Amino acid sequence: MKAKSPTSIDAYVGSRVRARRKLLRLSQGGLAERIGVTFQQIQKYEKGINRIGASRLQTIAETLGVPVQFFFENDTEPTTYNLVGNGKDDLNAFLASKDAQALNRAFMAIESPAIRQKLVALAKSLARSAQPDSDDIIHPETGA
């Protein structure tokens, strides 16, 4: 019987492991040590080269402080913001960025739900104001 090859779901789960690990500022070696594998194995999991078994995924979830469902969440729900391109890849790339991790750490450090809501409202307002109005657009052909 031939072993199953990794799929796009395996790559997605691996990318979620990587994003969460980086958010926690945990090295691949640190995670590997905590779950009893080599850092090379973590690299393979994160790249989707190797599949993560159920019990190992449970251990990773516990170590990273998230429920197992976290690794399967995706953005199939409509979002309230626009992403360039296909959305999922852009969102995953953003979530893996240093800016997103710093923003998330700072946001999570805010204990007041009211202040968090105000920050989200501010970000939405800034995003709307960054969108040029049709009156602000100058057309190169006409200059108007």
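Residues numbered from 1 in each chain as written. Predicted model: local features only at pLDDT ≥ 70, side-chain atom pairs only at ≥ 80, totals over all residues. Heavy atoms only, no water.

Mind laying out the environment of E62, listing which residues take part and the relevant values?
Tracing the backbone shows E62 in helix α4 (residues 54-64). As a C-alpha pair, E62 and I35 span 27 residues in sequence and 9.6 Å in three-dimensional space. (Helix = DSSP H or I, 4+ residues; strand = E, 2+ residues; numbered from the N terminus.)

Can you break down the packing of aromatic side chains residue by residue, with the values?
Per the stated rule, a full pass over the model turns up one aromatic pair. Their ring planes at 85° and their centres at 5.3 Å tell us that F70 and F71 sit as a pair that is edge-to-face. The exposure class assigned to F70 is buried, which follows from its relative accessible area of 16%. Assessed through its relative accessible area of 0%, F71 is described here as buried. Here the guanidinium or amino end of R16 rests over the ring plane of F70, the centre of that ring lying 4.0 Å away. (Phe/Tyr/Trp six-rings, centres within 6.5 Å; stacked < 30°, edge-to-face > 60°. Buried < 20%, exposed > 50% of the residue type's maximum accessible area, 1.4 Å probe, protein only. Lys NZ or Arg CZ within 6 Å of the ring centre and 35° of its normal.)

Any chance you could break down unusual backbone geometry for me, citing the residues and the numbers?
The backbone of R25 shows a phi angle near 55°, a positive value even though the residue is not glycine. Structurally, R25 can be placed in the loop between α1 (8-23) and α2 (28-35). Looking at R25, the relative accessible area reads 63%, which means it is exposed.

Any details on the pattern of salt bridges? Residues and values, ideally.
Counting across every chain of the model gives two salt bridges. For D10, the salt bridge is made with R51, and the minimal N-O distance between the two is 3.0 Å. Here D10, found in helix α1, pairs with R51, found in the loop between α3 (39-47) and α4; they are 41 residues apart in sequence, far enough to count as distant. (Salt bridge = Lys/Arg side-chain N within 4 Å of Asp/Glu carboxyl O.)

Help me get a handle on a nonpolar patch on the surface, residues and values and all.
Together, F94, L95 and L103 line one region of the surface with nonpolar side chains, adding up to about 270 Å² of accessible area. Note that L103 resides in helix α6 (residues 98-109). With a relative accessible area of 52%, L103 lands in the exposed category. (Patch = residues over 30% accessible without salt bridge, like charges linked within 9 Å, V, L, I, M, F, W, Y side chains within 5 Å. Areas by Shrake-Rupley, 256 points an atom, 1.4 Å probe, with all protein chains shown as cover.)

With reference to specific residues and values, describe the nonpolar core.
Counting residues in each nonpolar core, the largest one holds 17 residues, and the members touching the most others are V17, L31, I42, I52, I60, L64 and F71. If you list the elements that add at least two residues to this core, you get α1, α2, α3 and α4. Counting residues per element, this core draws most heavily on α4, at four residues. When sequence neighbours within four positions are dropped, the list of residues in contact with I60 reads V17, I35, Y45, I52 and F71. (Core = buried A, V, L, I, M, F, W, Y, C linked by side-chain atoms within 4.5 Å. Contact = heavy atoms within 4.5 Å.)

So, the environment of Y45: which residues are in play, and what are the values?
Mapped onto the fold, Y45 is located in helix α3. Separated by 35 residues in the primary sequence, Y45 and D10 place their C-alpha atoms 7.9 Å from one another. Not counting the four nearest positions on each side in its chain, Y45 is found in contact with D10, G14, N50, R51, I52, R56 and I60.

Which residues make up the packing of α1 against α4, and what values do they have?
For any two helices packed against each other, one specifies the crossing angle of their axes together with the interaxial distance. The interhelical angle for the contact between α1 and α4, taken along N-to-C directions, is 25°, at an axis separation of 10 Å. Comparing their axes, α4 and α1 come out roughly parallel. Considering the relative orientation of α1 and α4, their crossing is left-handed. Of α4, the residues touching α1 (which contributes V13, V17, R20 and R21) are L57, I60 and L64. Classifying every residue of the contact of α1 with α4 gives five nonpolar, no polar and two charged. (Axes fitted to C-alpha atoms, helices over the stretch in contact; angles between N-to-C directions. Parallel < 35°, antiparallel > 145°, perpendicular 65-115°, else oblique. Left-handed = near helix turned anticlockwise from the far one by under 90°. Nonpolar A, V, L, I, M, F, W, Y, C, P; charged D, E, K, R; others polar.)

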